[in-house]
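Residues per chain, in single letters:
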Amino acid sequence: MATADPPLCPRCAAPMLPVIYGFPVPETIAQVEAGQAVAVLGGCMRRPEGTAWRCLRCTS
Ligand SMILES: [Zn+2]
C-alpha cells in the first residue's frame, strides 16, 4: 500500500495519522497493536467525505 505524505496537524505540526474505518487490513492491525501506530482505528462508522486524519499528539 503506497503511503502518501500525511498532512501536518494545524495545531502542533505533527504528522497526522489516517483514521481507518470499517475493516483495516491485517497488516495495519498488527502494526497498530505492536505500537507502531500508522493509523487510528475508527471503528465501523464511515465518513462519506473519505479519509479522516487524527493527530495523536494533541488529539485534534
Ligand atoms: Zn496536533
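Rules used in this analysis
Residues numbered from 1 in each chain as written. Predicted model: local features only at pLDDT ≥ 70, side-chain atom pairs only at ≥ 80, totals over all residues. Helix = DSSP H or I, 4+ residues; strand = E, 2+ residues; numbered from the N terminus. Buried ≥ 20, exposed ≤ 12 C-beta atoms within 10 Å, placed from the backbone. Contact = placed C-beta atoms within 7 Å. Pairing = 2+ DSSP bridges. pLDDT = per-residue confidence, 0-100.

**Here we look at the overall build of the protein chain**
- Within the protein chain, the regular secondary structure consists of one helix and three strands.
- Traced from its N-terminal end to its C-terminal end, the protein chain shows the element sequence β-α-β-β.
- For the protein chain, the proportion of its 60 residues judged to be buried stands at 5%.
- Expressed as a percentage of contacts within the protein chain between residues at least 6 apart in sequence, the contacts between residues at least 24 apart total 45%.

**Some thoughts on the pairing of strand β1 (residues 17-20)**
- Direction of pairing for β1 relative to strand β3 (residues 52-54): antiparallel, over a ladder of three bridges. Paired with V19 across the two strands is A52, which belongs to β3.
- Where β1 lies against strand β2 (residues 40-41), two bridges are found, and the strand directions are parallel. Pairing of I20 across the sheet is with L41, part of β2.

**Here's the deal with the sheet that holds β2**
- Here three strands make up an open sheet; going across it, the order is β2-β1-β3 and the pairing mixed. Of all strands in the sheet, those with a lone pairing partner are β2 and β3, marking the two edges.

**What to know about the confidence of the model for the protein chain**
- Mean pLDDT for the protein chain: 77, with 77% of residues reaching 70 or above.
- For the protein chain, the element scoring lowest by mean pLDDT is β2, at 73; β3 scores highest, at 84.

**Overview of unusual backbone geometry**
- The residue A13 is not glycine, and still its phi comes out positive at about 65°.
- Here A13 is to be found in the segment before β1.

**Some remarks on helix α1 (residues 26-33)**
- Of all eight residues in α1, zero are buried, a share of ten percent or less.
- Of the residues trailing α1, G35 is marked for its positive phi of about 85°.

**Regarding the environment of Y21**
- Its place among the elements puts Y21 in the loop between β1 and α1.
- Each C-alpha atom, one on Y21 and one on G42, is 5.0 Å from the other, the two residues being 21 residues apart in sequence.

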